[in-house]
Amino acid sequence: QPEQSAYSEKKERKGKRPDSTKEEQAFRKIEGVYQKLVKTNSKLFALQKQKGVVQTALDQIPGGILHRKERKALQERIDGLERQIQQTQDQMSMIPKQHGYESVSAVKKAYTEAKTSLDEVRRKQAEWAGIAYPEEQKPQHQPQKVSVLKQLAAKRVEVSNQEHHSGRSKGVEL
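Keep in mind the model is a prediction, meaning the values are calculated, not measured.

**Overview of the packing of helix H2 (residues 21-60) against helix H3 (residues 68-98)**
Argument step 1. Where H2 contacts H3, the axes come no closer than 9 Å and their chain directions differ by 165°. As judged from the angle between their axes, H2 and H3 are roughly antiparallel. Handedness of the H2/H3 crossing: left-handed.
Argument step 2. Within the contact of H2 with H3, the residues separate by chemical class into 14 nonpolar, ten polar and six charged.

Okay, here's the thing in structure tokens:
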């Protein structure tokens with residue numbers, strides 16, 4: 001019986017285990033909305049990136065009569081991408097309204113608050129259980145990578161400069 005009294009004494013000192021049901025429900029609700037926004041934003045970014053690539057290809061095609069069909073096809077593709085981008089932007093602005101939020105920033109704010117609240121309750125639960133709660137490490141700042149298009153443009157400039165400095169002859173030197 002001494003073991004039972006020590007256990008019940010320890011239980012009384014700890015108090016009741018913190019309940020996270022309310023926070024978990026709130027977080028699950030907002031997380032679904034937030035994930036839809038993230039997915040839509042990724043789609044929007046991919047479309048904008050694709051449009052940039054097609055626009056660059058269009059800019060590289062000469063404007064002569066021989067290339068009219070190519071230019072027209074690329075311009076139609078750009079127009080289609082612009083329509084898709086507009087639809088995606090409209091869809092992105094509608095997602096928060098469908099779930100009772102005013103804007104994307106309101107969803108992001110609610111998501112951050114729900115996540116912080118849930119983390120705090122889980123931290124209290126871990127403390128109550130005597131377990132160390134793992135702290136979330138923030139990723140270290142990574143230098144931004146130079147875009148492929150900028151690298152390509154820089155390489156083209158470098159090659160053209162080398163051609164100009166080498167005497168502009170592409171024949172074999174004797």
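So that's the structure; there's more coming.
**Observations regarding the nonpolar core**
Argument step 1. Core analysis: the largest hydrophobic core is formed by 19 residues, its most contacted members being Phe27, Ile30, Leu37, Val107 and Tyr111.
Argument step 2. For this core, the secondary-structure elements that each account for two or more residues are H2, H3 and helix H4 (104-129).
Argument step 3. The element best represented in this core is H2, accounting for nine residues.
Argument step 4. Apart from the residues within four sequence positions on either side, Ile30 is in contact with Tyr101, Val107, Ala110, Tyr111 and Ala114.

**Considerations on the packing of aromatic side chains**
Argument step 1. Evaluation of the coordinates by the stated rule reveals two aromatic pairs.
Argument step 2. Considering the side-chain rings of Phe27 and Tyr111, the 5.5 Å spacing of their centres and the 35° angle between planes classify their relative orientation as tilted. Here Phe27 is found in helix H2, whereas its partner Tyr111 is found in helix H4, with 84 residues between them in sequence. Take Phe27 and Tyr111: they sit in the same class, and that class is buried.
Argument step 3. Relative to Tyr111, the ring of Tyr34 has its centre 3.8 Å away and its plane inclined at 5°; by these criteria the two rings are stacked. Note that Tyr34 is positioned in helix H2 and Tyr111 in helix H4, a separation of 77 residues in sequence.
Argument step 4. An aromatic cluster is built from Phe27, Tyr34 and Tyr111, whose rings are joined through pairwise contacts.

Procedures and definitions
- Residues numbered from 1 in each chain as written.
- Predicted model: local features only at pLDDT ≥ 70, side-chain atom pairs only at ≥ 80, totals over all residues.
- Heavy atoms only, no water.
- Axes fitted to C-alpha atoms, helices over the stretch in contact; angles between N-to-C directions.
- Helix = DSSP H or I, 4+ residues; strand = E, 2+ residues; numbered from the N terminus.
- Parallel < 35°, antiparallel > 145°, perpendicular 65-115°, else oblique.
- Left-handed = near helix turned anticlockwise from the far one by under 90°.
- Nonpolar A, V, L, I, M, F, W, Y, C, P; charged D, E, K, R; others polar.
- Core = buried A, V, L, I, M, F, W, Y, C linked by side-chain atoms within 4.5 Å.
- Buried < 20%, exposed > 50% of the residue type's maximum accessible area, 1.4 Å probe, protein only.
- Contact = heavy atoms within 4.5 Å.
- Phe/Tyr/Trp six-rings, centres within 6.5 Å; stacked < 30°, edge-to-face > 60°.

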